[in-house]
Amino acid sequence: MSAFEELGVLPELIKAVEEQEWFLPTPIQSDAIPLILGGGDVLAAAETGSGKTGAFALPVIQIVWEELRNVAKGKNSTTASSTAISIELSPTDKDPGIQIQGGVTASAYTNSWCGGRASIGVLRGKHYYEVHIIHVGNAGLARVGWSTGAARYDLGTDQFGYGFGGTGRKSNCRNFDPYGQPFGISDVIGCYADLDSGVIGFTKNGSDLGRAFTVPPNILRQGLYPAICLKNVQVSLHFGDSCSPLTFPVPPGFTPVAGANPGDTSLANANLSSSQGRAPVCLILEPSWELAEQTHKSISSFTKYLPPPSLEMALLIGGVSIQSQAQVCMLLQMVLILLLELLGVLMHL
């Protein structure tokens, strides 16, 4: 057993530091690493070259990686829950014309389309939700289905959205092709997506209408969100939780979206893209530009052998380095001296 392994450091991190000929931890690393890994708050001081960066970076990397791994597996953690997912039509990821009140979603527009997406998307697995058509106004229509977070709200009019409309047509990339049957008031449309095989299909009042789309891998990698697009229509969305129970049985092999493993949803990214995105799990602050670059470089080298989930890092630097500031000060001093000499010459004249 290596000395770093005795401190509780992951084998993949040990392999990376041994490439840098770190075979034995320094005194500050021996003291700090097990305390940080154990959840302790550590305040330490040591001279330059004592290994302070490794003392905090190695345990921080390990804690963040283990946290993301637990989320991906759907285990309880600070960012994941084993209970049903709380999902709804997003109050922010929608057109202004989409109105949400008391579990009913309605279009405020009578002559134009408006759309929106759910607050959570799915990344893998087989998932299902329903849309109940409650009211259809004059010339009202609904289009339901799935989209990525980058899709237009006008579902099915670009490559990122897959819709099924009340006229009995499916739509993607603004291609409207016959599919299934028309639907209207009181109908319940089920929307299912098999992200493992790339199949999207729909049901009407519990009857399967068959495959509607085969989704390419580059789209599937972005994840799919329940999506709707309405014109003078009121609907309710059923995700399969206690607040929005399903009307019909889930197709065999599928899971209600609200019952999805959190690791199979956009929650696993801890990053919500465009409208969703992954929030930072850890922030490291350094007092200078040079130390920030050094820390970023060290962390990048330490993580090279870690298995998925991968860690995403960003280096953000503000202000100007001390060296650059000193150079500017020296130039200003030289200019001031020249001005004073010039002033003395003018006074002498």
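Residues numbered from 1 in each chain as written. Predicted model: local features only at pLDDT ≥ 70, side-chain atom pairs only at ≥ 80, totals over all residues. Heavy atoms only, no water.

**What to know about helix α6 (residues 289-302)**
- For α6, built from 14 residues, the straight-helix expectation of 20 Å at 1.5 Å per residue is met to within 8% by its first-to-last C-alpha distance of 20 Å.
- For α6, the set of buried residues is Ala 292, Thr 295, Ser 298, Ile 299 and Phe 302. Within α6, the buried residues cover an arc of 130° as seen down the axis, which keeps them to one side. (Helix = DSSP H or I, 4+ residues; strand = E, 2+ residues; numbered from the N terminus. Expected span 1.5 Å × (residues − 1). Buried < 20%, exposed > 50% of the residue type's maximum accessible area, 1.4 Å probe, protein only. Arc of directions from axis to C-beta.)

**Observations regarding a nonpolar patch on the surface**
- A cluster of nonpolar side chains, Trp 289, Leu 315 and Ile 317, forms an exposed patch at the surface whose accessible area comes to about 250 Å².
- The residue Trp 289 is located in helix α6 in this model.
- Residue classification places Trp 289 among the partly exposed residues on the basis of a relative accessible area of 36%. (Patch = residues over 30% accessible without salt bridge, like charges linked within 9 Å, V, L, I, M, F, W, Y side chains within 5 Å. Areas by Shrake-Rupley, 256 points an atom, 1.4 Å probe, with all protein chains shown as cover. Salt bridge = Lys/Arg side-chain N within 4 Å of Asp/Glu carboxyl O.)

**Examining the packing of aromatic side chains**
- Taken as a whole, this structure holds nine aromatic pairs when the rule is applied.
- Each ring, one from Tyr 162 and one from Phe 213, has its centre 5.1 Å from the other, and the planes form 70°; the classification is edge-to-face. Placement of Tyr 162 in strand β6 (residues 161-165) and of Phe 213 in strand β11 (residues 207-214) is noted, with a sequence separation of 51 residues between them.
- Take Tyr 162: its relative accessible area is 4%, and that puts it in the buried class.
- In textbook terms, an aromatic cluster arises when at least three aromatic residues are bridged by ring pairs, as seen for Phe 164, Tyr 179, Phe 183 and Phe 202.
- Taking NZ or CZ as reference, Lys 15 lies 4.3 Å from the ring centre of Tyr 305, over its face.
- In this structure, Lys 126 packs its charged tip against the face of Phe 254, placed 5.0 Å from the ring centre. (Phe/Tyr/Trp six-rings, centres within 6.5 Å; stacked < 30°, edge-to-face > 60°. Lys NZ or Arg CZ within 6 Å of the ring centre and 35° of its normal.)

**Let's talk about the environment of Leu 285**
- In this structure, Leu 285 sits in the loop between β15 (277-278) and α6.
- For Leu 285, a relative accessible area of 76% puts it in the exposed group.
- Along the sequence, Leu 285 and Leu 316 sit 31 residues apart, while their C-alpha atoms lie 9.7 Å from each other.

**What about the pattern of salt bridges?**
- Applying the stated criterion across every chain, the model contains four salt bridges.
- One salt bridge in this structure joins Asp 93 and Arg 117, with 3.0 Å as the shortest N-O distance. Residue Asp 93 is located in strand β1 (residues 89-94), and its partner Arg 117 is located in strand β4 (residues 114-118); the two are separated by 24 residues in the primary sequence.
- For Arg 124, the salt bridge identified is with Asp 264, shortest N-O distance 3.5 Å. With a gap of 140 residues between them, Arg 124 in the loop between β4 and β5 (126-147) and Asp 264 in the loop between β13 (255-256) and β14 (271-272) connect regions that are remote in the sequence.
- Its relative accessible area of 38% is what places Arg 124 among the partly exposed residues.

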